[in-house]
Amino acid sequence: MKSLVISKCLHSKWSVYLFFALVCFIVYSPVLRNDFLYQWDDQWMVINKYTEGGWSFDNLWHIFTDFYGGQYGPFTELNYLIIYAFFGYDPFYFHLASLLWHIGCVCFVWRFILTLLRMHGGMEEKNIRQIAFITTLLFAIHPMNVEPVAWISAVKVLIYAFFYLLGLLYYLQYIKSQKFRYYLFTIACFIASFLGKEQAVTFPLALLIVDWFTNRNMKSFTVWNEKMVFFVMAFFFGLITILSQGASGLGITYPFYQRVIFGCFAIIEYITKGLIPIKLNYLYPFPIVIGEELPLRFYIYPILIIFLSVWGWACRKNKFLLFSIFLFIVNLLFSIHIISMARHSIIADRYLYLSYIGIASLIGYRILYIKQKVKYYKSILFILFIYIILLSTYTFCYTKQWKDSTVVREYTKEILDRRLNQNGIN
């Protein structure tokens, strides 16, 4: 009976979207009772002169041309402006908007994986829908996505991801139809994504991954020529990002070799927390201050990355595995410190947001593989069900820890005190 209900849900055009929306509302419902984090960036990112400036030409000009707080995200400021214009500084509506952005991203993930696998071919429709369903459900309820949903100042992650995914969907339509309007829609979404957050500069690489996975001829001049406009735009977006970072005066200047090790550490941490999200925090401080030597244990992480790279090369004939790995890595490229950026944390939950699709899709694919190869498939499904329940429960509880500045400040102080004690600093 249960499998029949799930099957009907998967094959109904709109019920699956309603299902994901309902799941998100239930799991994230505590966030709607949360306040602003007045001592955790909301006091200047949300409550500021741009939000209160109204729809005057002068205010809009500054929203689109100012580097505010070392960041450039005019669509984020417009999001705050619109909410404030209708509801003032009522935190309920700001949190509701963040939740709706997340639901939009969840629906796009479902559509993206579904369309991508169909275009890839070689897989039955029911298997495609099962992989897409597991991927989307995990993305919808994963605890590491609490930060961008529960922290109003992090809505920029949701906005950039929304247009990033929408752009990928338009690009898939362009590949199928070769209609130029979908190509223009893809460009527009890339611009909109960058106006939400600078991480969108990886978008051209994501397009190449889609080309490769949908079996386009990667030796074709046309395929690469289509991307030239995106790479040129990404170059200029990158310059804007560097200028905005420089305007903040907050450069992180660890030596290059240490940044490489930090990058290896970050990738392993994102993988492990993506699979087993325990001890999630508001802040993950760098293990050392600038000028100190790294503890020896950190040198194991480059070795682990080499091992994973060799494993990936050995499995290179598995196209879906490589697709998941590429999708995971590409969206973390500018968040793992190899390129020096103004960051105070070695990792952050919100940076995994889009990259987690790679982890979730691989889980969905492996579940399908087990179904075809292992006779104890029902036991695996039961384990997956328990895993989803645990993730949902963790997410539901974790949203409450973002209630207000007092809770966040006290917990952050504990984290920093623990780090100081570990380093022997009084």
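Just so it is clear, the structure is predicted and the values come from calculations on it, not from any experiment.

Trainee: What exactly am I supposed to notice about the overall build of the protein here?
Mentor: Along the protein, the regular secondary structure elements total 19 helices and 2 strands. Within the protein, the proportion of its 426 residues that are buried is 54%. For the protein, contacts bridging at least 24 residues in sequence account for 80% of all contacts bridging at least 6. Approximately 19,900 Å² of the protein is accessible, and the part contributed by carbon and sulfur atoms is 68%.

Trainee: I keep staring at the nonpolar core and nothing clicks. Help me out?
Mentor: In summary, soluble globular proteins display a tendency toward joint burial of nonpolar side chains. Phe 112, Tyr 164, Tyr 270 and Trp 402 are the most contacted members of the largest nonpolar core, which totals 135 residues. When near neighbours in sequence (up to four residues on either side) are disregarded, Phe 112 contacts Leu 168, Leu 169, Leu 172, Val 210 and Phe 323.

Trainee: How do you make sense of the environment of Val 201 when you look at a structure like this?
Mentor: Structurally, Val 201 can be placed in the loop between helix 11 (180–196) and helix 12 (203–213). The exposure class of Val 201 is buried, given its relative accessible area of 12%. Through-space distance from the C-alpha of Val 201 to that of Phe 230 is 9.0 Å; in sequence the pair is 29 residues apart. Not counting residues within four places of it along the chain, the set of residues in contact with Val 201 comprises Phe 190, Phe 194, Ala 234, Phe 237, Gly 238 and Phe 334.

Trainee: Would you mind showing me how to read the environment of Leu 391 here?
Mentor: Examined against the element boundaries, Leu 391 turns out to sit in helix 18 (residues 377–400). Residue classification places Leu 391 among the buried residues on the basis of a relative accessible area of 3%. Each C-alpha atom of the pair Leu 391 and Val 27 lies 9.7 Å from the other, and the pair is 364 residues apart in sequence. Excluding residues within four positions of it along the chain, Leu 391 makes contact with Leu 138, Ile 141, His 142, Pro 143 and Pro 277.

Trainee: Before we go on, may I ask you to explain the packing of aromatic side chains in this structure?
Mentor: We describe a pair of aromatic rings using the distance from one ring centre to the other and the angle between the two ring planes. Here the structure, examined in full by the defined rule, presents 60 aromatic pairs. With a centroid separation of 5.6 Å and an interplanar angle of 65 degrees, the aromatic rings of Trp 212 and Phe 326 are classed as edge-to-face. Placement of the pair is Trp 212 in helix 12 and Phe 326 in helix 16 (residues 319–330), with a sequence separation of 114 residues. Classification of Trp 212 by relative accessible area gives partly exposed; the value is 22%. A relative accessible area of 36% means that Phe 326 is categorised as partly exposed. With a centroid separation of 5.0 Å and an interplanar angle of 25 degrees, the aromatic rings of Tyr 254 and Phe 286 are classed as stacked. With Tyr 254 in the loop between helix 13 (221–248) and helix 14 (256–275) and Phe 286 in the loop between strand 1 (284–285) and helix 15 (300–314), this pair connects stretches of sequence that are 32 residues apart. Here Tyr 254 matches Phe 286 in class, with each residue buried. Taking the ring centre of Trp 212 as reference, the NZ or CZ of Lys 319 above it sits at 5.1 Å.

Trainee: Just to check I follow, could you spell out unusual backbone geometry for this structure?
Mentor: Backbone geometry follows two general trends: most residues other than glycine have a negative phi, and most peptide bonds adopt the trans configuration. Backbone geometry at Gln 178 places phi at a positive 60 degrees, although glycine is not the residue there. Relative to the helices and strands, Gln 178 resides in the loop between helix 10 (155–177) and helix 11. With a phi angle near 55 degrees, Lys 279 is a residue other than glycine that sits in the positive phi range. In this structure, Lys 279 sits in the loop between helix 14 and strand 1.

Definitions and limits used
Within every chain, residues take consecutive numbers counted from 1 along the sequence as written. With pLDDT at 70 or above as the cut-off, local features in this predicted model cover only qualifying residues; side-chain atom pairs require 80 or more to be listed or tallied, and sums for whole chains, interfaces and linings still use all residues. To obtain the side-chain values, all non-hydrogen atoms of the structure were used and water was disregarded. Think of it this way: any DSSP run of H or I at least four residues long counts as a helix, any run of E at least two long counts as a strand, and we number them from the N terminus. The classification of residues rests on relative accessible area computed with a 1.4 Å probe and restricted to protein chains. Under 20% of the type maximum is buried, over 50% is exposed, and intermediate values are partly exposed. Any two residues whose heavy atoms approach within 4.5 Å at even a single point are treated as in contact. Per-residue and other accessible areas were derived by the Shrake-Rupley procedure at a 1.4 Å probe size, with only the shown protein chains allowed to occlude residues. Only buried residues count toward a nonpolar core, which is a set of Ala, Val, Leu, Ile, Met, Phe, Trp, Tyr and Cys residues joined through side-chain atoms within 4.5 Å. Classification of ring pairs rests on two measures: the distance between centres of Phe, Tyr or Trp rings, Trp counted by its six-membered ring, which must be within 6.5 Å, and the angle between planes, read as stacked under 30 degrees, edge-to-face over 60 and tilted in between. Should the NZ of a Lys or the CZ of an Arg lie within 6 Å of a ring centre and within 35 degrees of the ring normal, that charge is described as sitting over the ring.

Function cannot be inferred from these measures alone, as they are strictly geometric.
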